[in-house]
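# Observations on chain architecture
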Amino acid sequence: RKEIMELLEGVVDIYLADFKYTDSEMSSKYSPGADSYPKISTEALLEMNRQVGTVRFLEDGRACRGLMIRHLVMPENVSGSIEAMRWIAARLPLNTYVNIMIQYRPAYRAHLFPEIDSYVSREAYRQVVNEAKKLGLTNLDVDI
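Quick look at the structure, then. (Residues numbered from 1 in each chain as written. Predicted model: local features only at pLDDT ≥ 70, side-chain atom pairs only at ≥ 80, totals over all residues. Heavy atoms only, no water.)

### What about the side chain of Thr54?
Along the chain, Thr54 falls in the loop between α3 (37–52) and β2 (56–57). Ignoring anything within four residues of it in the chain, the contact list for Thr54 reads Asn49, Arg65, Gly66, Leu67, Pro93, Asn95 and Thr96. (Helix = DSSP H or I, 4+ residues; strand = E, 2+ residues; numbered from the N terminus. Contact = heavy atoms within 4.5 Å.)

Here's what the structure looks like:
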């Protein structure tokens, strides 16, 4: 929550944030009780960026300050990946560090939801990466 982030101002140098869902219907379905996740997470991302800005690295390649966002591409666009890239490009600096991940593995109760009981195709992943690039995001950590 943004209120928690505000309490951390001046304490945290690096935020490594997950941006899991862009749609409250999806967040509620796959993470019960998380129907407000998109609103809360986007408010928090804006606050994190306000506090520490974009990621900065030392000469040896280690991050020393800034916001780093991770987004997991899920089957059937459950996580709203294209929408997530559009949100980031529209509301944060274009050089925001974004790790677009393809590591989704169906596990635990995924078998209860046929739409997420599979792996992400390389083509679906490429579409998200290409959209991020098309939007002008320049600090991408991708698996292709």
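### Focus: α3
Compared with an ideal rise of 1.5 Å per residue, which puts 16 residues at 22 Å, α3 spans 22 Å between its outermost C-alpha atoms and is within 8% of the ideal. Of all 16 residues making up α3, 12 are buried, and the element is well covered by its neighbours. Taken together, the buried positions of α3 are occupied by Tyr37, Pro38, Ile40, Ser41, Thr42, Ala44, Leu45, Glu47, Met48, Asn49, Gln51 and Val52. Residues of α3 that are buried sit in contact with α1 (2–7), β1 (14–18), α2 (24–30), β2, β3 (63–72) and α4 (81–91). Phi turns positive one or two residues past the end of α3, at Gly53, with a value near 70 degrees. (Expected span 1.5 Å × (residues − 1). Buried < 20%, exposed > 50% of the residue type's maximum accessible area, 1.4 Å probe, protein only.)

### Concerning unusual backbone geometry
The phi torsion at Asn77 lies on the positive side, around 55 degrees, for a residue other than glycine. Inspection of the secondary structure assignment puts Asn77 in the loop between β3 and α4. For Tyr108, which is not glycine, the phi torsion reads 50 degrees and is therefore positive. Structurally, Tyr108 can be placed in the loop between β4 (97–101) and α5 (122–134). We classify Tyr108 as exposed; its relative accessible area is 75%.

### Re the packing of aromatic side chains
One pass over the structure, following the stated rule, counts 3 aromatic pairs. Centre to centre, the rings of Phe19 and Trp87 are 5.6 Å apart; their planes meet at 70 degrees, and the pair counts as edge-to-face. A residue pair is termed long-range when its members are at least 10 positions apart, and Phe19 in the loop between β1 and α2 and Trp87 in helix α4 qualify at 68 residues. Residue Phe19 is classed as buried on the basis of its relative accessible area of 1%. Judged by centre distance (5.2 Å) and plane angle (70 degrees), the ring pair of Tyr30 and Phe113 falls under edge-to-face. In this pair, Tyr30 is assigned in helix α2 and Phe113 in the loop between β4 and α5, connecting sequence segments 83 residues apart. A relative accessible area of 15% means that Tyr30 is categorised as buried. (Phe/Tyr/Trp six-rings, centres within 6.5 Å; stacked < 30°, edge-to-face > 60°.)

None of this, on its own, says anything about what the molecule does.
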